[in-house]
Amino acid sequence: MALHRFQKGELGHWLRIVADSSEPGAAQAEVPVEISQALQTLRCIQPGENGRWLITEKGKLALRMEEPTAIHVR
């Protein structure tokens with residue numbers, strides 16, 4: 001199984017989509033299968049009870065590290 005090769009900023013983009021769509025009342029986001037499989041392999045997302053993707057603690061950390069204000073970017 002080949003793991004998706006994320007381009008710069010792509011990981012944060014998809015994690016933001018998953019995080020936003022997991023909020024109560026938000027519309028279900030369409031995440032391509034190869035992206036969702038890669039994010040699951042990286043343990044950044046997991047399937048929720050209602051069939052929606054949920055962002056894990058590791059995913060939240062990865063999302064914070066993608067932000068321009070992250071301490072490692074300075």
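Coordinates for the structure precede this section.
Residues numbered from 1 in each chain as written. Predicted model: local features only at pLDDT ≥ 70, side-chain atom pairs only at ≥ 80, totals over all residues. Heavy atoms only, no water.

(A) Broad picture of the pattern of salt bridges. Scanning the entire structure with this criterion turns up two salt bridges. The partner of Asp20 in a salt bridge is Arg16, with the nearest N and O atoms 3.5 Å apart. With Asp20 and Arg16 both in helix 1 (residues 10-21), this residue pair falls four residues apart, about one helical turn. Given a relative accessible area of 41%, Asp20 falls into the partly exposed group. Its salt-bridge partner being Lys60, residue Glu57 comes within 3.3 Å of it at the nearest N-O pair. A residue pair is termed a helical-turn pair when its members lie 3 or 4 positions apart in one helix, as Glu57 and Lys60 do in helix 3 (residues 57-66) at three residues. (Salt bridge = Lys/Arg side-chain N within 4 Å of Asp/Glu carboxyl O. Helix = DSSP H or I, 4+ residues; strand = E, 2+ residues; numbered from the N terminus. Buried < 20%, exposed > 50% of the residue type's maximum accessible area, 1.4 Å probe, protein only.)

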